[in-house]
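# Coordinate analysis (summary)
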Amino acid sequence: MSAAPPALEVTDLAVTFRTERGDVPAVRGISFTLEPGESLAILGESGSGKSATAHSLLGLVDPPGEVTGSVRFGGTELVGMSERDLNTIRGRELSMVFQDSLDSLNPVFSIGSQLGEVFRARAGLSRAAAADRAVELMAAVGIRDPRQRMNDYPHQFSGGMRQRICIAMAIALDPNVLIADEPTTALDVTIQAGILRLLRTLQRERDMSLIFVTHDLAVARMVADSVIVMRHGRIVERGVLEDVFRNPRHPYTQALLDAHPARATRWQDLRPGPEHPGLATPAGVSDEKR
Ligand SMILES: Nc1ncnc2c1ncn2[C@@H]1O[C@H](COP(=O)(O)OP(=O)(O)O)[C@@H](O)[C@H]1O
Ligand SMILES: [Mg+2]
């Protein structure tokens with residue numbers, strides 16, 4: 001039997017922003033594959049092209065950005081696909097969690113109606129069935145008393161809880177691939193740890209592939225098995241995360257490692273070991289109550 005085809009196959013992907021002051025080559029021709037069930041971190045300093053890469057995978061690069069190269073998802077080429085066709089795939093098969101939950105949630109609708117809408121509009125469920133699924137999902141991402149909280153609005157939740165709700169929205173339709181772009185950067189460390197554990201648990205339980213974008217190697221270690229290190233729009237290193245961590249080949253990776261050695265150790269202590277394979281869902285709820 002041959003190996004399963006990759007979840008995503010990226011070839012010579014480039015993103016260029018054509019600005020009035022000249023072209024900004026944000027991503028300069030990168031190639032990689034994402035395997036089914038793989039958890040891959042894209043690691044690099046600010047400005048290295050991580051977000052441009054993540055956005056281009058979902059056709060979310062806005063003008064003046066221009067995307068060339070190939071992103072194959074299943075048998076389908078995503079680069080150059082019409083917005084209409086992309087919309088049938090986005091959220092359903094390929095989904096994304098952004099850095100700022102306040103930008104992703106609509107402030108004027110209750111959480112229940114926003115989550116329910118995903119099931120009604122996109123999965124064709126009845127209002128009652130959609131509400132039940134929404135409650136289930138809220139529980140799965142670690143929201144306490146989910147049925148009562150359905151009527152609450154985004155501002156009534158803390159940042160960490162809002163980010164959990166965004167994760168719920170992103171996984172509602174069981175995507176094969178979830179892309180998370182620095183989803184915990186705005187949160188404090190203990191809250192971050194809970195979210196990272198949740199993502200890890202969901203990725204494993206649902207057998208999703210995960211692309212996790214971060215500038216923080218210690219964060220990458222908590223969620224990912226493998227890593228791409230980006231610098232100036234190029235991939236400088238690709239491998240098993242622990243191997244790269246122990247034996248970085250590229251001086252830039254070494255520099256990233258050297259930047260926060262104490263922090264990396266601290267994160268390592270937070271990371272669940274193999275003796276806790278279940279990672280206890282819902283993860284980290286006790287970190288934060290609201
Ligand atoms: N809309 C835009 N217009 C012009 N340049 C942009 C735009 N978005 C990003 N860039 C540039 O592209 C490069 C990569 O950005 P980005 O992918 O956001 O990096 P990262 O996510 O790694 O911090 C940076 O030099 C950034 O300034
Ligand atoms: Mg970014």
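Positions within a chain are numbered from 1, following the residues in the order the chain's sequence is written. For naming, the first written chain is A and the first written ligand is 1, with later ones following in the order written. Only residues with pLDDT of at least 70 are given local features in this predicted model, and only at 80 or more are side-chain atom pairs given and counted; all residues enter the totals for whole chains, interfaces and linings. Side-chain numbers come from the whole structure's heavy atoms, not from hydrogens or water.

Cut-off, in case you're wondering: UniProt positions are given in the numbering used here, feature names are shortened, and annotations may be inferred rather than shown by experiment.
In the annotation of an unreviewed UniProt entry, the chain is listed under the name ABC transporter domain-containing protein and assigned to Pseudonocardia zijingensis. Word for word, the UniProt comment on the chain under Subcellular location (unreviewed entry) is "Cell membrane". Quoted verbatim from the Sequence similarities (unreviewed entry) field of UniProt, the annotation for the chain is "Belongs to the ABC transporter superfamily."

## Considering the pattern of salt bridges
Worth spelling out the cut-off: Salt bridges are defined as contacts in which a side-chain nitrogen from Lys or Arg sits within 4 Å of a carboxyl oxygen from Asp or Glu. A run of DSSP states H or I qualifies as a helix once it reaches four residues; a run of E qualifies as a strand once it reaches two. Both are numbered from the N-terminal end. The rule is simple: take the accessible area with a 1.4 Å probe, protein chains only, and divide by the maximum for that residue type; under 20% is buried, over 50% is exposed, in between is partly exposed.
Within this structure, the stated rule accounts for 14 salt bridges. Close ionic contact of glutamate 38 with arginine 238 constitutes a salt bridge, the shortest N to O distance being 3.4 Å. Of this pair, glutamate 38 sits in the loop between strand E2 (22-34) and strand E3 (39-43) while arginine 238 sits in strand E10 (residues 234-240); the two residues are 200 residues apart in sequence, bridging distant segments of the chain. For glutamate 38, a relative accessible area of 12% puts it in the buried group. Here arginine 72 makes a salt bridge to glutamate 77, at a shortest N to O gap of 3.9 Å. Judged by relative accessible area, which is 35%, arginine 72 ranks as partly exposed. You can call glutamate 77 partly exposed: its relative accessible area is 24%. A network of salt bridges, in which partner residues are shared, links Arg18, Asp23 and Glu66.

## As for the site of ligand 1
To keep it simple, the criterion reads: Distances are taken per atom, and a residue is near a molecule or strand as soon as one of its heavy atoms is within 4 Å of it. Contacts described as polar in this section are N or O atom pairs within 3.5 Å, which, within protein, must combine one atom able to donate a hydrogen with one able to accept it, while residues neighboring in sequence count only if both atoms come from side chains. For the accessible areas, the method is Shrake-Rupley and the probe is 1.4 Å, while residue cover comes only from the protein chains on display.
As a structural note, the neighbourhood of ligand 1 is formed by Phe17, Thr19, Val24, Ala26, Glu45, Ser46, Gly47, Ser48, Gly49, Lys50, Ser51 and Ala52. Lysine 50 places a polar side-chain atom, nitrogen or oxygen, 2.8 Å from an oxygen atom of ligand 1. The separation between an oxygen atom of ligand 1 and a polar main-chain atom of alanine 52 is 2.8 Å. Within the complex, 62% of the 560 Å² of free accessible area of ligand 1 lies under protein. Elements with a minimum of two residues in the shell around ligand 1: strand E1 (8-19), E2 and helix H1 (50-57). At 3 residues, H1 tops the list of elements feeding residues into the shell around ligand 1.

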